[in-house]
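Chain by chain, the residues:
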Amino acid sequence: MKIQELNDYIYNYLKNDKTNTAIMLTGEWGAGKSHYIKRELMTFFKEKGATAIVVSIYGLKDVSEISKSIYMELRLPHFSDDSSEIGVAGKIVAKTIVKKAVSTIGLNMDVSDEDLKRLYKAADLTNKLVILEDVERSGIDISEILGFVNNLVERDKVKVLLVANEDEIKEINKNDSSSNNKYLRIKEKTISDTIVFKNDYEAAIEEIIKKYNNQIINRIIDEKQILEISNIVEVICKNNLRSFIFAMQKTTELFSKIQNDIFMDEFYLCLFLGNIYFSGNINSKQDKFPEWEGTECLSTKLGNIDLPVFRFAYDYIRYQKLDLKIVGKTYKEYKEFRFFNENMRNDIDLNIINTYYVRPETEVYNALSSIEKRLENPEDINAYAYCRIAYCTIVVGGIIGFDSKKSLELMLRNARERDVPKDRCIDFLFGHTFVDFENNQTMKQYEEYIDKLKKTFEYKENKIVTFSPDEISKIDFEIIRNRDRYIIDGKFLSKYNIDNIARMLSVCNAKQLDDFRGLILNVYDDKFINDFVEAEFVALKQLIKKIENIYDNENNWDEIQRLQIRWLKKNLLKVLSNF
């Protein structure tokens, strides 16, 4: 049902329905139900001269609180000159405030029935629609709510619209069949129609963008991008507009902090769309923030193959930190990424195998044959395309009878011989997720080959740390962000000269020693301790012995520095005890 149709339906219910029942609008959290009511329905009702009262019952504990909320919403913003009503209302507000203020000392400040009756009598709900939002989020049993609504619609002839996530109501009651059956029985009596809310996401997205009125976003977004954003919101964000609003907020903040409108529009657009994509992933993994998976600057795993997430945006969203130097590096890497993607689209053979599922068999076979010949020249096809080529030669080749053996061998040979920027090729080479495997044997063959290709490209590159007192804090943060680049094959301290580390510690001040302790605790976190090899145990013991010698012989430290060294020794001993 489109927005105008929904408006007309609800208005018709208010004016003409004689069933003495309520109606329900249901949809997922974040789908835009409240936004629709506030921006669309209330505006429509105002144009029609109709009245609606919107009351959120989020957190309410008793149905009597719903009555009070309806009255307050109806009367307090529209006081007449009736001084008696103003006086009674003021008394209730005052009593409510005082009641909360003195509740800790046990005084009973309940509002009298006489006061309530005088107020409720003054509330006229004739020809007014009562909208109760957040039904599933109240502290009141759903059966009680429906019983209350049934009295309103049946006895008092009030028109009521319930706004809820009915799937959540059913989820709450799924393990209690009696409660669920009771809910369905009362619902059948109380609610005549249930409308599943389907937002006009394109219109909602346009309105949100208009609200932010950001100069860069206004320039880069057109109808095509609105449609793309709508698809991301629907598929990745699971129809949750809050994820889009979150991405919108973070992106506009980043634009204001970058402050240099000097990059090409495609860069700004990728930043914006990648943030939307990433926000949907965050929302889908509420229990754990996604870890960074990608190159130094880009991640197609947190975004997708066309819309990578930028590392500086990830750090800003997760840590509220922004390194402006990385923005420039990201721009440079993004241009390389974009050039590669455009080449993929412009390369006839690669374009054919990318879209094999809509091509004639002979066309796909000829493209695979052409690629095999071109691989004889290591410089012909960009190595970033090897992952896709491997997939198509193994999986698609198996379907149409193309022998993939020679192409696979040539890519391994080329990977050994050519100079590939390893730090940047990681995500592009192996960041693709393919799902079209018709059997486990084919999938296993593909995965085993990719493992070989990774090793040939030296997929995991040892990141060597040059320890210096001033850099310890930065190194600690880098390890938190890029653990797998610093801890390779279960090694960290054992990769370094322990004498050099000990000499570095001997000239550290208290703050730097404290930073080093934090680094040690982060590297050897309990949940990772089983990942380390025996050489780490030996290196840790050596470091303890070295700092003991420093402690006994160093005369330039003050007592705070010596305290930090004692704490460091305790930290190292604790790590050793976990091995």
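Residues numbered from 1 in each chain as written. Predicted model: local features only at pLDDT ≥ 70, side-chain atom pairs only at ≥ 80, totals over all residues. Heavy atoms only, no water.

A word on helix H1 (residues 3-16). Compared with the 20 Å implied by 1.5 Å per residue over 14 residues, the 20 Å span of H1 between its first and last C-alpha is a close match. The complete set of buried residues in H1 reads Ile3, Leu6, Asn7, Ile10, Tyr13 and Leu14. The buried side chains of H1 occupy one side of the element, clustering within an arc of 125° when seen end-on. Each element contacted by the buried residues of H1 is listed here: strand E1 (22-26), helix H2 (33-48), strand E2 (51-56), strand E3 (128-133), strand E4 (159-164) and strand E5 (191-196). (Helix = DSSP H or I, 4+ residues; strand = E, 2+ residues; numbered from the N terminus. Expected span 1.5 Å × (residues − 1). Buried < 20%, exposed > 50% of the residue type's maximum accessible area, 1.4 Å probe, protein only. Arc of directions from axis to C-beta. Contact = heavy atoms within 4.5 Å.)

This part takes up the packing of helix H6 (residues 142-154) against helix H8 (residues 177-190). Helix packing geometry: the angle between the two helix axes and the distance between the axes. H8 packs onto H6 with a crossing angle of 15° between their chain directions and a minimal axis gap of 10 Å. The angle between H6 and H8 falls in the class roughly parallel. Considering how the two elements wind past one another, H6 and H8 form a crossing that is left-handed. Contacts from Ile142, Ser143, Leu146, Gly147, Val149, Asn150 and Glu154 of H6 reach H8 at Lys182, Tyr183, Ile186, Lys187, Lys189 and Thr190. (Axes fitted to C-alpha atoms, helices over the stretch in contact; angles between N-to-C directions. Parallel < 35°, antiparallel > 145°, perpendicular 65-115°, else oblique. Left-handed = near helix turned anticlockwise from the far one by under 90°.)

On to the environment of Glu228, then. With respect to the helices and strands, Glu228 occurs in helix H11 (residues 223-235). When the C-alpha atoms of Glu228 and Leu273 are compared, they prove to be 8.7 Å apart, with 45 residues separating the residues in sequence. Apart from residues lying up to four places away in sequence, Glu228 is in contact with Leu273 and Leu307.

Take the pattern of salt bridges next. Throughout the structure, instances matching the rule amount to 16 salt bridges. Its salt-bridge partner being Arg39, residue Glu207 comes within 3.6 Å of it at the nearest N-O pair. With Glu207 in helix H9 (residues 201-212) and Arg39 in helix H2, this residue pair connects regions lying 168 residues apart in the sequence. Between Arg318 and Glu291 there is a salt bridge, with its nearest N and O atoms 3.3 Å apart. (Salt bridge = Lys/Arg side-chain N within 4 Å of Asp/Glu carboxyl O.)

Attention now moves to H11. Relative to the 18 Å expected for 13 residues at 1.5 Å per residue, H11 spans 18 Å between its end C-alpha atoms, a close match to the ideal helical length. Listing the buried residues of H11 in full gives Gln225, Ile226, Ile229, Ser230, Ile232 and Val233. One side of H11 carries all its buried residues, which in axial view fall inside an arc of 160°. Seen from the open side of H11, the exposed residues pointing more than 90 degrees away from its buried face are Glu223, Lys224 and Val235. Measuring from the side-chain oxygen of the N-cap residue of H11 to the backbone nitrogen of Lys224 gives 3.1 Å; that N-cap residue is Asp222. (Polar contact = N/O pair within 3.5 Å; in protein donor to acceptor, adjacent residues only side chain to side chain.)

Here Thr26 shows up in strand E1. Taking the relative accessible area as the measure of exposure, Thr26 reaches 8% and is therefore buried. One polar contact links the side chain of Thr26 to the main-chain carbonyl oxygen of Ala164, over a distance of 3.3 Å. Apart from the residues within four sequence positions on either side, Thr26 is in contact with Lys33, Ala164, Asn165, Glu166, Thr194, Ile195, Val196 and Phe197.

Remember, this is a structural readout, not a statement about activity or role.
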